[in-house]
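What follows is each chain in one-letter form.
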Amino acid sequence: MTRSSAAGRPNAGHDLFKGGEKKKNIKENKKVTPTSIQVGEHGRYQIKSGRLEGKYVARAFAKPPTKARGMIAEASGETEEAAITALHAVIDARENRRTEDRRTDERTGASVPSVEEYVEALNHVALAGPQRALLTALSLADEDGLTEARMANAAGYKSLASASRSFASAGLLIANYLSLEAASSETSAGTDGVSFLGFRDEPQDGEAPGNWVLFPEFREAVRAAL
């Protein structure tokens, strides 16, 4: 994961330590100086650092724009730089652990992220309304999956090709966010992103293509996030 300096623009706001500072007694006439917050980034996360209650603290959040809320990781140190360095180590360890915990799908050989990873990605990437409708319909289809015609109908696409491209595009957005790599270079044009989200099932009648089925982890994530 790329390390980057957390030096950034000072921010006099309190979003880094919101809710963390003790309220001053109204009777006190001392002027309160706002905490200077430095903003930087590390990998896919935004880093905010500053001094809180006598110690230096660095916290990681999803980079904007995002629907995700809340802190992802935190670390402290004797200096602000030490806190940032410690937070980078926490994030890297977290990402390495996630990668190691991914299962390998027996059908496709793909490395499948956890529900937690998929949810984070869905809360961050910018999916169009029809893409959200398409993924929701696939998630509700469970293990049966959907034909391309039913996918197109559920999302309001006028053609099967449009539905397929949209599905693949969603997969590529999520793969890019999670730094996923394709299990094989043998992917058909226009559907290379689908392998990150699911697979095509075996044909039922021996002629028509099989249904598209989402990985169980992604089905659960879609239901939770969309």
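Refer to the structure presented above.
First, a word on scope: everything that follows refers to the structure included in this document. The model shown is predicted, which means the values in this text are computed figures rather than measured ones.

**A closer look at the overall build of the protein**
For step 1, the next point in the chain: If you tally the helices and strands in the protein, you get six helices and eight strands.
For step 2, the next point in the chain: In the protein, the succession of helices and strands from N to C terminus is β-β-β-β-α-β-β-α-α-α-α-β-β-α.
For step 3, the next point in the chain: Here the protein, with 226 residues, has 41% of them falling under the buried criterion.
For step 4, the next point in the chain: Long-range contacts, defined here as pairs at least 24 residues apart, represent 57% of the contacts in the protein between residues at least 6 apart.

**Some words on helix α1 (residues 80–101)**
For step 1, the next point in the chain: For α1, spanning 22 residues, the distance from its first C-alpha to its last is 32 Å, which sits close to the expected 32 Å at 1.5 Å a residue.
For step 2, the next point in the chain: Looking only at α1, the buried set comprises Ala83, Ile84, Leu87, His88, Ile91, Asp92, Arg94, Glu95 and Arg98.
For step 3, the next point in the chain: Against β1 (38–42), β2 (45–52), β3 (55–62), β4 (73–77) and α2 (115–124) lie the buried residues of α1.

**Looking at the nonpolar core**
Where a protein is soluble and globular, its nonpolar side chains tend to be buried together.
For step 1, the next point in the chain: Among the nonpolar cores identified, the biggest contains 48 residues, and Tyr118, Leu135, Phe167, Ile174, Leu197 and Phe218 are the most heavily contacted of them.
For step 2, the next point in the chain: The element that contributes the greatest number of residues to this core is helix α5 (residues 160–178), accounting for eight residues.
For step 3, the next point in the chain: Residues in contact with Phe218, not counting those within four places in the same chain, are Tyr118, Leu122, Leu135, Ile174 and Leu197.

**Here we look at the sheet that holds β2**
For step 1, the next point in the chain: Spatially, β1-β2-β3-β4 is the arrangement adopted by the four strands of the open sheet, whose pairing is antiparallel. The sheet is open, and its two borders are formed by β1 and β4, each paired with just one other strand. Within the sheet, the average angular offset between the axes of one strand and its neighbour, ignoring direction, is 25 degrees.

**A short note on the pattern of salt bridges**
For step 1, the next point in the chain: The final tally for this structure, using the stated rule, is 13 salt bridges.
For step 2, the next point in the chain: We note a salt bridge from Arg59 to Glu74, for which the minimum N-O separation is 2.6 Å. Remark: Glu74 occurs in strand β4 and Arg59 occurs in strand β3; sequence separation between them is 15 residues.
For step 3, the next point in the chain: Its relative accessible area of 38% is what places Glu74 among the partly exposed residues.
For step 4, the next point in the chain: As a salt-bridge pair, Arg102 and Glu117 come within 2.6 Å of each other at their nearest N and O atoms. Taken together, the positions of Arg102 in the loop between α1 and β5 (103–104) and Glu117 in helix α2 put the pair 15 residues apart, joining distant regions of the chain.
For step 5, the next point in the chain: Judged by its relative accessible area of 13%, Arg102 falls in the buried class.
For step 6, the next point in the chain: Residue Glu117 is classed as buried on the basis of its relative accessible area of 1%.
For step 7, the next point in the chain: Taken together, the shared-partner salt bridges connect Arg44, Arg94, Glu95, Arg98, Glu116 and Glu120 into one network.

**A short note on unusual backbone geometry**
For step 1, the next point in the chain: Cis geometry is adopted by the peptide bond preceding Pro65, which originates at Pro64 and carries an omega value of -5 degrees.
For step 2, the next point in the chain: When you line up the elements, Pro65 lands in the loop between β3 and β4.
For step 3, the next point in the chain: Of note, Asp142 is a non-glycine position whose phi angle comes to about 55 degrees, a positive value.
For step 4, the next point in the chain: Here Asp142 lies in the loop between α3 (129–140) and α4 (148–155).
For step 5, the next point in the chain: Of note, Ser179 is a non-glycine position whose phi angle comes to about 55 degrees, a positive value.
For step 6, the next point in the chain: Here Ser179 falls in the exposed class, since its relative accessible area comes to 54%.

Rules behind the numbers
Counting starts from 1 at the beginning of each chain's written sequence and moves along it residue by residue. In keeping with the model being predicted, local features are shown solely for residues with a pLDDT of at least 70 and side-chain atom pairs are shown and tallied solely at 80 or more, while totals for entire chains, interfaces and linings include all residues. Hydrogens are left out, water is left out, and the side-chain values use all remaining heavy atoms of the structure. Secondary structure elements are defined from DSSP: runs of H or I of at least 4 residues count as helices, runs of E of at least 2 residues count as strands, and each element is numbered from the N terminus. For every residue, the accessible area (1.4 Å probe, protein chains only) is compared with the maximum for its type, and the residue is labelled buried under 20%, exposed over 50%, or partly exposed between those bounds. By definition in these notes, contact holds between two residues if any of their heavy atoms fall within 4.5 Å. In a helix, the anticipated span is given by 1.5 Å times the number of residues less one. The nonpolar core is taken to be a set of buried Ala, Val, Leu, Ile, Met, Phe, Trp, Tyr and Cys residues, with the residues joined through side-chain atoms within 4.5 Å. Two strands qualify as a pair provided DSSP detects at least 2 bridges between them. All axes here are fitted lines through C-alpha atoms, helices being fitted over the stretch that makes contact, and every angle between N-to-C directions spans 0 to 180 degrees. Salt bridge, as used here, is a side-chain nitrogen of Lys or Arg placed within 4 Å of a carboxyl oxygen of Asp or Glu.

Function cannot be read off these values alone, since they describe shape.
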